[in-house]
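Given next are the chains, with one letter for each unit.
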Amino acid sequence: MSIDTPIILFGLLMLIAPLAAILYNYLVVGDDLITLRHLFLLGCMKFFGVAALTTGVTQLYRGNHPFSDVLLLFIGAAIFFSTFWWAYNRWDLPQRIARKRWRRSPSPNVGAILFIGGFGLLLGLLSSAVPVDVPIIGQITNVLGKLMPAASVGLFLFSWFRNPINLIYLVATGVAFAMAVFVALFGAGRHPLFAALIAVPIAWYWAKWRYQSPTATLGRIGGLGVGAIVVILAYSGFRHDYMGEADSGIAMDRIKQLLRFEIDTGGDAESALREDAITVSLLCIEEFHRNGDPEYFHTLFYVLGHPIPRQWWPEKPQAVGESLPESLGEFSDGYVNWGPGIIGNAFHDGGVWMAAIYGLLVGGVFRIFDDILRRQPLNPWPIAMLAAMSPKIVAYSRGDIAVYTAELLGLVILFIVILKVAGLVFGSTDEDAFHVEMDDEWDEADYTTTPE
């Protein structure tokens, strides 16, 4: 039996189902539009839907797969999304945890906002223009620093929308956005640029659009989304023109190319519309289930060992997105990093049952953060964090989830430390100050009422 047709049908399903779930949650259930859950589902459209279509239509296979491999892929996906749904919607533990967390925040005065926003921009500079070559500190700045300017964009823009007469916030937004784009163009990765772009609708939604017509909000978000896609496609056409870390001259040259909006449909920009996460997931099923053994709980060991510099521990766990192509000889033409997909990660880390564990963990953690957002929609600090985390959340279903989990945990810890320091310096505020009056009437068990 040919495996192409079922994979194509699976791809069509995964294009439609996540979008339908987002619209149903927003328009029918009354959930917020921009949350961790919805950003993740948006990414699933590409890294499950487009990836499956790419694999099935182009017959892009890296192994020799019987139908049993495809069936295991489908079973793993069904288990993951079922447990994800249950953990997010029915598991009361994440909801109880959310009610007890983030009860106080730094006072959102001008000093605190400029201090934290400015520190985010400083980390961006230290990650690119002035890289830090110090163990552990260098890891923090180099890995997380490029996403922090996006947090500053979201923080300043949200603060200006909440207080439009304060033009300091508007000027700071412009400076932060320019800095975020500049920092993003020091490397070939698209995540920092994506974070800078998506920080704008995130701040706009939580400050204003949340309380306006859902139809108008969807139109605005859709328009900004199309614009972001055009920018990312334009950048994709030349992001590999210089391999390695760029300097300020190359970054400025890339800005000039970006402003020309030239989309090279015959080059790398076309590859941005292709995705091999399903291909690599199938390869993981072949390598670590059918022909070999899994590396049990590898993601856990990777995350625990991630803070230790590799020069101190040369044998520390390696991400499967790196180790798998290396073991297959794909490093002959240079560094290769595959996205194994969350199902591929599950089979690498133990088997199909790991998909259930990942579904519970991802759904539960997303519910905790989203409940904090819903409960305190006027709190600028979680919104800034959401802007920084957004590209990792969107791409999480692609993986490598070990790498993304370590980076997301790093961002959370970094934010907690920054907010603790700011709270000591500028004072703290109880969460009641960040509530919206109409939200007090909501059922706290599910937060399902939509403001008019």
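These numbers were taken from a predicted model, which means no experiment stands behind them.

Chemist: Mind showing me how you'd approach the packing of helix H7 (residues 148-162) against helix H8 (residues 167-184) here?
Modeler: Think of two packed helices as two axes; the pair is described by the angle between the axes and how far apart they sit. Two numbers describe how H7 lies on H8: the axes approach to 8 Å, and their chain directions differ by 160 degrees. As summarised for this structure, H7 and H8 are arranged roughly antiparallel, according to the angle between their axes. Viewed along their axes, H7 and H8 form a crossing whose handedness is left-handed. Across the interface between the two elements, Pro149, Ala150, Ser152, Val153, Phe156, Leu157, Ser159 and Trp160 of H7 pack against Leu167, Tyr169, Leu170, Ala172, Thr173, Ala176, Phe177, Ala180 and Val183 of H8.

Chemist: Honestly, the environment of Ala180 in this entry has me stumped. Any pointers?
Modeler: Along the polypeptide, Ala180 turns up in helix H8. Once the C-alpha coordinates of Ala180 and Ser152 are considered, the two residues, 28 residues apart in sequence, prove to be 8.6 Å apart. Setting aside residues up to four positions removed in sequence, Ala180 forms contacts with Pro149, Ala150, Val153 and Ala196.

Chemist: Whenever I open this one, the packing of aromatic side chains confuses me. Can you help?
Modeler: Geometry of an aromatic ring pair is reported as the spacing of the ring centres plus the angle between the planes. Within this structure, the stated rule accounts for 17 aromatic pairs. Ring centres of Phe80 and Phe81 lie 5.1 Å apart, and the angle between their planes is 80 degrees; this geometry places the pair in the edge-to-face category. Note on Phe80: relative accessible area 1%, which makes it buried. The buried category is assigned to Phe81, whose relative accessible area is 19%. Centroid distance Phe84 to Tyr88: 6.4 Å. Interplanar angle 25 degrees. Geometry classified as stacked. Taken as a pair, Phe84 and Tyr88 lie in helix H3 (residues 67-89) at a separation of 4 residues, close to a single helical turn.

Chemist: Looking at this model, I keep getting lost on the side chain of Glu407. Mind explaining?
Modeler: Checked against the element boundaries, Glu407 lands in helix H19 (residues 401-426). Residue Glu407 is classed as buried on the basis of its relative accessible area of 12%. Not counting the four nearest positions on each side in its chain, Glu407 is found in contact with Val143, Leu144 and Lys392.

Chemist: How do you make sense of a nonpolar patch on the surface when you look at a structure like this?
Modeler: Where nonpolar side chains cluster on the molecular surface, the patch consists of Tyr296, Phe297, Leu300, Phe301, Leu304, Trp353, Ile357 and Leu361 and spans about 810 Å² of accessible area. Broken down by secondary-structure element, the contributors of at least two residues to the nonpolar patch are helix H14 (298-305) and helix H17 (352-375). If you trace the backbone, Phe301 turns up in helix H14.

Chemist: Any chance you could explain the pattern of salt bridges here in plain terms?
Modeler: Where charged atoms from two side chains of opposite charge approach closely, those side chains can pair. Overall, the coordinates contain 14 salt bridges when judged by the stated rule. Close ionic contact of Asp69 with Arg290 constitutes a salt bridge, the shortest N to O distance being 2.7 Å. Placement of the pair is Asp69 in helix H3 and Arg290 in helix H13 (residues 277-290), with a sequence separation of 221 residues. The class of Arg290 is partly exposed, set by a relative accessible area of 34%. One connected set of salt bridges, linked through shared partners, spans Asp31, Arg37, Arg367, Asp371 and Arg374.

Chemist: What is the right way to look at helix H9 (residues 191-207) in this model?
Modeler: One turn of an α-helix holds 3.6 residues; hence residues three or four places apart share an orientation. The terminal C-alpha atoms of H9 lie 24 Å apart, and with 17 residues this matches the ideal 24 Å at 1.5 Å per residue to within 8%. The buried fraction of H9 is high, at 14 of 17 residues.

Chemist: Please clarify how the side chain of Asp276 should be interpreted in this entry.
Modeler: Note on placement: Asp276 falls in the loop between helix H12 (268-271) and H13. Contacts of Asp276, omitting those with residues within four sequence positions, involve Leu60, Arg62 and Gly339.

Chemist: Please explain the environment of Phe84 as it appears in this structure.
Modeler: Look at Phe84 and you get buried, because its relative accessible area is 5%. Residues Phe84 and Leu360, spaced 276 residues apart in sequence, show a C-alpha to C-alpha distance of 5.4 Å. Phe84 has contacts with Arg37, Phe40, Gly359, Val362, Gly363 and Phe366, leaving out every residue within four places of it along the chain.

How each quantity is defined
For every chain, the first residue of the written sequence is number 1, and numbering continues from 1 onward in sequence order. Reporting of local features is limited, given that this is a predicted model, to residues whose pLDDT is at least 70; pairs of side-chain atoms are given and counted only at 80 or more, and all residues count toward the totals for whole chains, interfaces and linings. Side-chain figures throughout are based on the complete set of non-hydrogen atoms in the structure, without hydrogens or water. Note on method: axes are straight lines fitted to C-alpha atoms, helices fitted across the in-contact stretch only, with angles between N-to-C directions ranging 0 to 180 degrees. To qualify as a helix, a DSSP run of H or I must reach at least 4 residues; to qualify as a strand, a run of E must reach at least 2; elements of each kind are numbered from the N terminus. Angle categories: roughly parallel below 35 degrees, roughly antiparallel above 145, roughly perpendicular from 65 to 115, and oblique for all the rest. Here a crossing is taken to be left-handed if its near helix is turned anticlockwise relative to the far helix by less than a right angle, and right-handed if that turn runs clockwise. Here, two residues are considered to be in contact whenever any of their heavy atoms come within 4.5 Å of each other. When two rings of Phe, Tyr or Trp (its six-membered ring) have centres within 6.5 Å they constitute a pair, described as stacked for plane angles under 30 degrees, edge-to-face for angles over 60, and tilted for the intermediate range. Accessibility here uses a 1.4 Å probe with only protein chains present; expressed as a share of the type maximum, an area under 20% marks a residue as buried, one over 50% as exposed, and anything in between as partly exposed. Patch criteria: residues need more than 30% relative accessible area and no salt bridge. Like-charged residues are merged within 9 Å; nonpolar side chains of Val, Leu, Ile, Met, Phe, Trp and Tyr are merged within 5 Å. Each accessible area is a Shrake-Rupley estimate made with a 1.4 Å probe; only the visible protein chains count as cover when residues are assessed. Put simply, a salt bridge is a Lys or Arg side-chain nitrogen that is within 4 Å of an Asp or Glu carboxyl oxygen. Residue count minus one, scaled by 1.5 Å, sets the expected span of a helix.

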